Structures are given as structure tokens and as C-alpha cells.
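Close look at the chain arrangement
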Amino acid sequence: RSLIYQKIYTREALEIIKQNPLRFILWHTKESLIFFVDDGLRDMLRHVNVFPRRSLGLLGVIALWRIAWGALFAAAAYGVWRAWSDPHIRYSALFFALTIVYVPAVAGTLAVARFRYPMTPMLFVLAAYGVVMLFEKRKFYARG
């Protein structure tokens, strides 16, 4: 967008938000969730027109890819939760988690799935810790 019209866009956006702030918050939250649940494949590959849009096999791959990303985020969230009780890694895990959440919080509706790829190393570390702690918990209860 041109910098000339930036003040106009900002003023119009603020007027829309002021009319119904709760509706804007709900819409912003819903659109920001795409960052976490979308597969990212379609978003990246549609620019080069690699995949046909209505292929049954592609829909299966996309569904599996979304499930995998959902499981990865769930494991990472569990890793952050378990890391909170360990004072040696508490702040590192919190830093990683806040960095990951920063992008959809700031970019909001523009934070598509491909924007999370630079943060995947942090996500993988947190998810790996979560998976390890899940098995450690089972070992602890089995010994009990």
C-alpha cells in the first residue's frame, strides 16, 4: 500500500473497530488461528501453481499435514507446561513459546502458516521436550 493512503486506511480501520470491538476481537482471534492449524503447503505452492486445487489425494495429504501440525503444537504446549516446573529451562521454554505466539498476535489476520516456518526449530525443541516428558511421566507412574 502506498504511504500516502496509510493514514486513511488507519482511520477507516479504527472506525470499524470502534463500531464493534468484541466482534473485531473474535474475528482477529479466529483468523489468527490459521497460523496454528493451517498446513502451509497450499499457501506456499499456490503461488507457483504446483498442486491442482481439487485433487482427492491432495486433500488427504493436507488433512494429514494439518493433523501433524496440530499434534506438534499440542506436544509443544505440553512441553512448555512441563518446563514451567523445571527452573533450569523454564525461561528458555517461555521465551520460545512467546516468540512463537508473537507472530500471530502481532500480524493477526495476515499471519498465514508459512510465516511460522522460521520458528519451527523452536517449535520442534518444545515439542520434543513435551514428548519426552510425556514418556517420563508414564515411567514415573509405572514405577509408583
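Rules of the game
Residues numbered from 1 in each chain as written. Predicted model: local features only at pLDDT ≥ 70, side-chain atom pairs only at ≥ 80, totals over all residues. Heavy atoms only, no water. Helix = DSSP H or I, 4+ residues; strand = E, 2+ residues; numbered from the N terminus. Buried < 20%, exposed > 50% of the residue type's maximum accessible area, 1.4 Å probe, protein only. Contact = heavy atoms within 4.5 Å. 1 Å grid on protein atoms, 1.4 Å probe; cavity = no way out; pocket = protein on both sides within 12 Å on 5 of 7 lines; lining within 4 Å. Points joined across faces, edges and corners; volume = space filled by probe spheres on them. Nonpolar A, V, L, I, M, F, W, Y, C, P; charged D, E, K, R; others polar. Patch = residues over 30% accessible without salt bridge, like charges linked within 9 Å, V, L, I, M, F, W, Y side chains within 5 Å. Areas by Shrake-Rupley, 256 points an atom, 1.4 Å probe, with all protein chains shown as cover. Salt bridge = Lys/Arg side-chain N within 4 Å of Asp/Glu carboxyl O. Phe/Tyr/Trp six-rings, centres within 6.5 Å; stacked < 30°, edge-to-face > 60°. Lys NZ or Arg CZ within 6 Å of the ring centre and 35° of its normal. pLDDT = per-residue confidence, 0-100.

In this section: the overall build of the protein chain. Helices and strands together make up the secondary structure of the protein chain, namely seven helices and zero strands. Going residue by residue from the N terminus, the α and β elements of the protein chain occur as α-α-α-α-α-α-α. The buried share of the protein chain, taken over its 144 residues, is 24%. Of all intrachain contacts in the protein chain linking residues separated by at least 6 positions in sequence, the fraction that spans at least 24 positions is 78%.

In this section: empty space enclosed by the protein. Scanning all chains against the criterion turns up one cavity of 30 Å³ or more. In this structure, the largest cavity occupies an estimated 30 Å³ of space. Lining the largest cavity are Phe35, Phe73, Ile100, Arg116, Met119, Thr120 and Leu123. Split by residue class, the lining of the largest cavity holds five nonpolar, one polar and one charged.

Before going further, it helps to spend a moment on a nonpolar patch on the surface. A grouping of Ile4, Tyr5, Ile8 and Tyr9 is seen on the molecular surface, where their side chains present a nonpolar patch of about 420 Å² in accessible area. Along the polypeptide, Ile8 turns up in helix α1 (residues 6–19).

Okay, the packing of aromatic side chains next. Pairs of aromatic rings are described using the distance from one ring centre to the other and the angle between the two planes. Taken as a whole and judged by the stated rule, the model has four aromatic pairs. Geometrically, the ring pair formed by Tyr78 and Trp81 is tilted, given 5.7 Å between the ring centres and 40° between the ring planes. Taken together, the residues span about one helical turn, with Tyr78 and Trp81 both in helix α5 (residues 56–83) at a distance of three residues. Judged by its relative accessible area of 18%, Tyr78 is buried. Their ring planes at 50° and their centres at 6.2 Å tell us that Phe95 and Phe96 sit as a pair that is tilted. What makes Phe95 exposed here is its relative accessible area of 52%. Across from the ring centre of Trp84, 5.0 Å away, lies the NZ or CZ of Arg90, which sits over that ring.

Here the focus is the environment of Trp84. Mapped onto the secondary structure, Trp84 falls in the loop between α5 and α6 (90–107). Filtering out sequence-adjacent residues up to four positions away, Trp84 remains in contact with Arg90 and Leu94.

Okay, the confidence of the model for the protein chain next. With 77% of its residues at a pLDDT of 70 or more, the protein chain has an overall mean of 80. Per-residue pLDDT, averaged within each element of the protein chain, yields its smallest value for helix α4 (residues 41–45) (66) and its largest for α6 (87).

Structurally, Arg116 is set in the loop between α6 and α7 (120–143). Judged by relative accessible area, Arg116 falls into the buried class, the value being 2%. Arg116 sits 12 residues away from Pro104 along the chain, and the two C-alpha atoms are 8.9 Å apart.

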